[in-house]
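# Observations on the three-dimensional arrangement
What follows is the residue order along each chain.
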Amino acid sequence: MANQVTVNLTDNSDAVRNALPEVLEKALSEIGIEAEAHAKEIITEKGAVDTGRLRNSITHALDGTKAVHIGTNVEYAPYIEAGTSRMKARPYLRPAVEDFKDEYKEILENNLKNG
């Protein structure tokens, strides 16, 4: 008598496809919160805080499940970030994104694995 092996395969691709938007939105939201915190920390470290208006205005917004945007609506923010002919740049948004890419990648991976 020959040994028999039975293999049952289950296609979960629909469940994964249905869960993906929610998982991505959660991951992007977590990334936005972290990037926001990093930008606020950086701007404080660079001494660009007088009243706290700029620091307190930094926020993030989700573009569906495609992207997260971090920024501020304070009118003088671009001059702090990029500098002027009379003031050196004190970037806080760019480093908040670029310097923490590995952290954001880890957040995304964790959400995809455990979402």
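Right, let's walk through the structure included here. (Residues numbered from 1 in each chain as written. Predicted model: local features only at pLDDT ≥ 70, side-chain atom pairs only at ≥ 80, totals over all residues. Heavy atoms only, no water.)

### Thoughts on the side chain of S57
The topology assignment puts S57 in helix α2 (residues 53-57). At 2.7 Å, the side chain of S57 and the backbone oxygen of L54 are in polar contact. At a separation of 2.4 Å, a polar atom in the side chain of S57 contacts the side chain of T72. Ignoring any residue separated from it by four or fewer positions in sequence, one finds S57 in contact with G71, T72, N73 and V74. (Helix = DSSP H or I, 4+ residues; strand = E, 2+ residues; numbered from the N terminus. Polar contact = N/O pair within 3.5 Å; in protein donor to acceptor, adjacent residues only side chain to side chain. Contact = heavy atoms within 4.5 Å.)

### Re the pairing of strand β1 (residues 59-63)
Note: β1 against strand β2 (residues 67-71), five bridges, orientation antiparallel. Residue pairing for β2: H60 is matched across the bridge by I70. Taken together, β1 and the strand that follows it, β2, pair antiparallel across an intervening segment of three residues, in which G64 is found at a positive phi of about 60°. (Pairing = 2+ DSSP bridges.)

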